[in-house]
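# Fold and geometry: a report
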Amino acid sequence: MRFKLYDTVIFPLVIGIGLVLSIAPRSKAEKQVSGQDINQATNILEKIQEYNPLNQPTLRSQPLANTNQESITFVKQTSDGILKQIGQYNQLYQSSERYAPLERVNSVNELSDVLPTDWAYSALEGLAERYGCLLASPEPTFSGNRAISRYEFAANLNECLQVIQNLIEEFDETYIAQEDLAKSQRLQEDFAIEIADLKSRLNGLETRTDILEANQFSTTTLLKGEVVLALYDALGNDGEDDATASADDSQIGFGHNLTLNFDTSFTGRDFLRTRLRAGDLPGVNTGTAMTFLNSGSPPNDIARLTEVYYIFPLNEEMSIYIGAAGLDFDLIAPALNPKLISGNTGSLALFPAYSPTIYIQVGGAGLGYSYQINDNLRLDVAYLGGAPGGGTGKVNDPREGGGIFNGTNSAYAQFTVSPSLDLDFSFAYVRAYYTADLVNVAGFTGSGNAQKPFGRVPTSADHFGFQTSYRWAPFTISGWVGYSNAEAEAGDREGDEADIWHWAVTVAINDLVFENGSLGLSVGQQPKLTDIDNGEDDPDTSIQFQIFYNYRISNNIDITSGFFVETKPEHDDRNDPIWVFVTRSTLRF
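Residues numbered from 1 in each chain as written. Predicted model: local features only at pLDDT ≥ 70, side-chain atom pairs only at ≥ 80, totals over all residues. Heavy atoms only, no water.

## Concerning the state of the cysteines
The final tally for this structure, using the stated rule, is 1 disulfide. Bridging cysteine 133 to cysteine 160, the disulfide has an S-S length of 2.4 Å. Across the disulfide from cysteine 133 to cysteine 160, rotation about the S-S bond amounts to roughly 80°, and the bridge is consequently right-handed. With cysteine 133 in the loop between helix H5 (121-130) and strand E2 (135-136) and cysteine 160 in helix H6 (residues 150-169), the pair connects residues that are 27 residues apart, well separated along the chain. Taken individually, cysteine 133 and cysteine 160 each receive the classification buried, so the pair is uniform in this respect. (Disulfide = S-S within 2.5 Å. Helix = DSSP H or I, 4+ residues; strand = E, 2+ residues; numbered from the N terminus. Buried < 20%, exposed > 50% of the residue type's maximum accessible area, 1.4 Å probe, protein only.)

Here it is as C-alpha cells:
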C-alpha cells in the first residue's frame, strides 16, 4: 500500500506535529536553535490549535460503535500466540472494538509498505530515526491510506509530546517562550481523555493476561486448532472408449477436516508437536491422482495421531529433529514455495504445493539435522522410515519387511543457498526404498506409471531436485524441476530402470484487488514416466494450470476459491481435460 494521508481530515494535525518535531534538537550538540526556529514553532502550534477539536463548532458526538468500523478499528495477528487466547478467555473485559498494540519504529525501513518515493517519507523518517516517536503496528506496516483512530492519534501524540518535554527540560527555562509551552501543554490536555483511556486499556490487558496464566490447562502447552471446509466438483467429458480417467462420475462434494495441535516447549527454545486429525475430505472422483486436493484427508471421520516430533537446538546454528510419526522432510528443510505450500491458505491442488519427489516422500519416524552454516548457506539431512506422505507404515512392525531400516525408508540431503534476502535456491537428493505394498515413487502425484513403474514390487529410487524462490514485492515466484531414477528390486523385472521427470512454476501476488488478499497461479507437468526398460512410457504430456484467490477475512478466517485443469490426465490424450473447482474455508482457533 502507498501513502495518501490526505484521505482523512485528521492527518493535517499529525503533519503539524511532524513539523514541530522536525525543528526540535535531538541531542545537546544540536541545541543551537535560532530565534527564527522559535517563531516557526509558534506559528505551527497556532496552526495545530486551529485543528484542535475543542475550538471547532460544537457537534453532537456519536458513539464509536456507530461509526465506520473500517475507519476506526483494525485487527492483526501478533507473533505471540498467547495474545490470541487473551481475547478468547477474557472474563473481566470485553469490547466490541479491538485495537492492536502499537510499537515504536526505530527506522522507517522497518515499515514494509513505505517507500522512499512516498511523499511523506522524509516526515516519517524524521519521526522514526531522529526523534524516536513514531508508532506503528507490529507487522510492521504503516497503512498510510487508512483513517487514523483517536486512540492511535493519542498514542502517537503522547509519544511525541514526551520527546518534546524531555528536550525542553534540557534547556534553560527562558529558552522557549512561556506561551509556546502553554500551547503545547494545552494540546496535551485536549487529548488527556484518550491518553488516559489508552493507559486503562493497557492495565486491562495485563489483568486479562494474569487471568489466562492462572487458568490455562498447561504452563508449557498451547492448543491450536484448524477446521477446513471445502466445496468441490470436477467437470469433463468421458473421453474415448478406452479412457482411464474421467470426471463423469464425480459429484459435487462438501468435505471437512479438523486439526488439533498441542504445541509444547520445555525450555523456550525447543518445540514438541502432537497433532490429532479427523475428517472426511476425499476430494473429487476422477480415477487419477493428478486431481488430488492439497487439503484432502481420509474419509469416515476417524481420529488419528498424525504427528509426534520434537525439535531442539544444539547451539545457535544446529538443530536436531526426532520424530515418532508424521515427521516429513518439508518440516526439516525449506521447500521454497512459501505462498502455495499450505493446504489451508495456499494451493488448491496437491502437485503445485511443493516438489513431490522430494517433499512427499517417505516420512513418519526418524531423525533430522539442520545446520545454518552462515547467513547464506544451510544444510539439512534426515533419515526417515514409514510411508510416503508421512504415514507410519510398518515402522513399528518388528517382522521381516518392517521396522525403520527394513521397511520403506528414505535418506535425505538438501543444500540451500540464499545469495540475498529475496532469492533462495536449493539442491536436494533423496535415496528411497519402497516395500511392495507401499510403492509410490511420484509421491501421490503424476500418472499411475510414474507412481508404480514396475507394479507392486519392491522398488528403490534416486530422486534429484532443484528448487528456487524469488521475492519481488508484491510478487513471489517459485519453481522446481525434479528427476527420479527408479529400479525394480525383485520379481521378473528385477534390475529394470525407469526415468521420471516433472516441473512447475508458481506465482503469488499479495494484496491484489483487496488488502489481505492474494492471487495464486501455477503451471507444471506432473511426474511423467519418460523411459523404462521392457515397458511402455507415458504416451503423452499433460500440463496442469491453476488459478485461485485467497482472502483473509480476519485473523481466524480465510476463504480460498479457484480451479485447476489437467489437460491430459494420466499423460494420455485418450482422457479429456478435467476441470476441478474448489471453494475452501479455513477457521483457526
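Still more to cover.
## Observations concerning the nonpolar core
Within the largest apolar cluster, 35 residues are counted, with the highest numbers of intra-cluster contacts made by Phe329, Tyr412, Tyr434, Val441 and Phe454. Listed by contribution, the elements that provide at least two residues to this core are strand E6 (304-313), strand E7 (318-327), helix H9 (356-359), strand E9 (377-388), strand E11 (423-434), strand E13 (475-488), strand E14 (497-510) and strand E15 (517-532). Per-element tally for this core: the top contributor is E11, with 4 residues. Grouped together as the second largest cluster of nonpolar side chains are 18 residues, Leu281, Val284, Ala508 and Val580 included. (Core = buried A, V, L, I, M, F, W, Y, C linked by side-chain atoms within 4.5 Å.)

## Here's the deal with the environment of valine 505
Along the chain, valine 505 turns up in strand E14. You can call valine 505 partly exposed: its relative accessible area is 36%. Considered as a pair, valine 505 and valine 523 are 18 residues apart in the sequence and their alpha carbons are 5.6 Å apart. Once residues within four sequence positions are removed from consideration, valine 505 is found in contact with Ser478, Gly479, Leu521, Ser522 and Val523. (Contact = heavy atoms within 4.5 Å.)

## As for the environment of serine 107
Examined against the element boundaries, serine 107 turns out to sit in the loop between strand E1 (103-104) and H5. Distance in space between the C-alpha atoms of serine 107 and arginine 130 is 9.1 Å, their sequence separation being 23 residues. Residues within four places of serine 107 in sequence aside, it is in contact with Ala128 and Glu129.

## Concerning the pairing of strand E5 (residues 271-280)
Of the strand pairs in this sheet, strand E4 (residues 253-264) and E5 are connected by 9 bridges, and their pairing is antiparallel. In the sheet register, asparagine 257 faces E5, and the bridge partner there is glycine 279. The antiparallel pairing of E4 with E5 creates a hairpin that spans 6 residues between the two strands, and glycine 268 there sits at a positive phi of about 95°. Pairing of E5 with E6 involves 7 bridges; the strand directions are antiparallel. Counterpart to arginine 275 in the pairing with E6 is glutamate 307. (Pairing = 2+ DSSP bridges.)

## Some remarks on the environment of phenylalanine 589
Positionally, phenylalanine 589 belongs in the segment after strand E18 (578-588). Between the C-alpha atom of phenylalanine 589 and that of lysine 224, which follows or precedes it by 365 residues, the distance is 6.0 Å.

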